[in-house]
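Structural description and commentary
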Amino acid sequence: MSGDTELSRIGISLPKNLLDKFDEILSLRGYSSRSEGIRDSIRSYITHYQWISDVKGERQGVITMVYDHDQRGLLQTLTEIQHQYAHIIQASLHSHVTHNKCLEVILIRGDGAMLKDITERLMAQKGVEAVKLTTIPIEG
């Protein structure tokens, strides 16, 4: 553990299917314990948060989102959010991955803070399984 000197013990509750998937990944990647995997996951989450926090200035980007279209009210909420940000959305592509899982790719351009805002609003919705924002700066 690089830089960690004091350990804290915590307890968490997870759905069984999520824990099973996590354990499978830990095994495939050769982790010696869940604790090691959770520490690595938390470090990755912190790094991602810091990276997304640095999105500033005029940017071009893409939001990739996976969600459960059977989640009650989710489609309407996602549509409303996208309409609120219509001025930065250039295009979107929707794909039906399975009967209830959809992949949406949204091309965006605008101020980095606004790109971050829409991403975080989409990410916070129940039924949204994954959201990733990738951007590049717009250079004169």
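Residues numbered from 1 in each chain as written. Predicted model: local features only at pLDDT ≥ 70, side-chain atom pairs only at ≥ 80, totals over all residues. Heavy atoms only, no water.

1. Describing the overall build of the protein chain
Within the protein chain, the secondary structure is distributed over four helices and four strands. Ordered by position from the N terminus, the helices and strands of the protein chain form the series α-α-β-α-β-β-α-β. Across its three principal axes, the protein chain shows a C-alpha extent of roughly 45 × 40 × 25 Å. Within the span of the protein chain, comprising 140 residues, buried residues form 24% of the whole. A sequence separation of at least 24 residues applies to 68% of the contacts in the protein chain between residues at least 6 apart. (Helix = DSSP H or I, 4+ residues; strand = E, 2+ residues; numbered from the N terminus. Buried < 20%, exposed > 50% of the residue type's maximum accessible area, 1.4 Å probe, protein only. Contact = heavy atoms within 4.5 Å.)

2. Overview of helix H4 (residues 112-123)
Here H4 contains twelve residues, and its C-alpha end-to-end distance of 16 Å stays within 8% of the 16 Å for a straight helix at 1.5 Å per residue. Buried residues of H4: Gly-112, Leu-115, Lys-116, Ile-118, Thr-119 and Leu-122, and no others. Each buried residue of H4 lies within a common arc of 165 degrees when the element is viewed along its axis, so the set occupies one face. (Expected span 1.5 Å × (residues − 1). Arc of directions from axis to C-beta.)

3. Side note on the side chain of Thr-119
Relative to the assigned elements, Thr-119 resides in helix H4. In terms of polar contacts, Thr-119 uses its side chain to reach the backbone carbonyl oxygen of Leu-115, at 2.8 Å. (Polar contact = N/O pair within 3.5 Å; in protein donor to acceptor, adjacent residues only side chain to side chain.)

4. What about the sheet that holds strand S1 (residues 58-68)?
Strands in a sheet are paired, the pairing made by backbone hydrogen bonds, and the direction either parallel or antiparallel. Strand order in the open sheet made by the four strands is S2-S3-S1-S4, with antiparallel pairing throughout. Strands with a single pairing partner mark the edges of an open sheet, and in this sheet they are strand S2 (89-96) and strand S4 (128-137). Here the average twist between neighbouring strands, direction ignored, is 15 degrees. As judged from the nine bridges shared by S1 and S4, these two strands associate in the antiparallel manner. The residue of S4 that forms the bridge with Gln-60 is Ile-136. (Pairing = 2+ DSSP bridges. Axes fitted to C-alpha atoms, helices over the stretch in contact; angles between N-to-C directions.)

5. Re a nonpolar patch on the surface
A surface patch of nonpolar side chains, about 400 Å² in accessible area, is lined by Ile-10, Ile-12, Leu-14 and Leu-18. One can find Leu-18 in helix H1 (residues 16-29). (Patch = residues over 30% accessible without salt bridge, like charges linked within 9 Å, V, L, I, M, F, W, Y side chains within 5 Å. Areas by Shrake-Rupley, 256 points an atom, 1.4 Å probe, with all protein chains shown as cover. Salt bridge = Lys/Arg side-chain N within 4 Å of Asp/Glu carboxyl O.)

6. Overview of the pattern of salt bridges
In the structure shown here, the tally under the stated rule is four salt bridges. Between Asp-23 and Arg-34 there is a salt bridge, and its shortest N-O distance comes to 2.6 Å. Here Arg-34 lies in helix H2 (residues 34-53) and Asp-23 lies in helix H1, a separation of eleven residues in the sequence. Residue class for Arg-34 comes out partly exposed when judged on its relative accessible area of 42%. Among the salt bridges present, the one from Glu-129 reaches Lys-101, with a minimum N-O distance of 3.2 Å. On the criterion of sequence distance, the pair formed by Glu-129 in strand S4 and Lys-101 in strand S3 (residues 101-111) is long-range, its members being 28 residues apart. You can call Glu-129 partly exposed: its relative accessible area is 48%.

7. Remarks on the nonpolar core
Among the nonpolar cores identified, the biggest contains 17 residues, and Ile-63, Met-65, Tyr-67, Leu-78, Ile-118, Leu-122 and Val-128 are the most heavily contacted of them. At the level of secondary structure, the elements contributing two or more residues to this core comprise S1, helix H3 (74-84), S3, H4 and S4. Ignoring sequence-local partners within four residues, the contact set of Tyr-67 consists of Leu-74, Leu-75, Leu-78, His-94, Asn-100, Lys-101, Cys-102, Glu-104, Gly-127, Val-128 and Glu-129. (Core = buried A, V, L, I, M, F, W, Y, C linked by side-chain atoms within 4.5 Å.)

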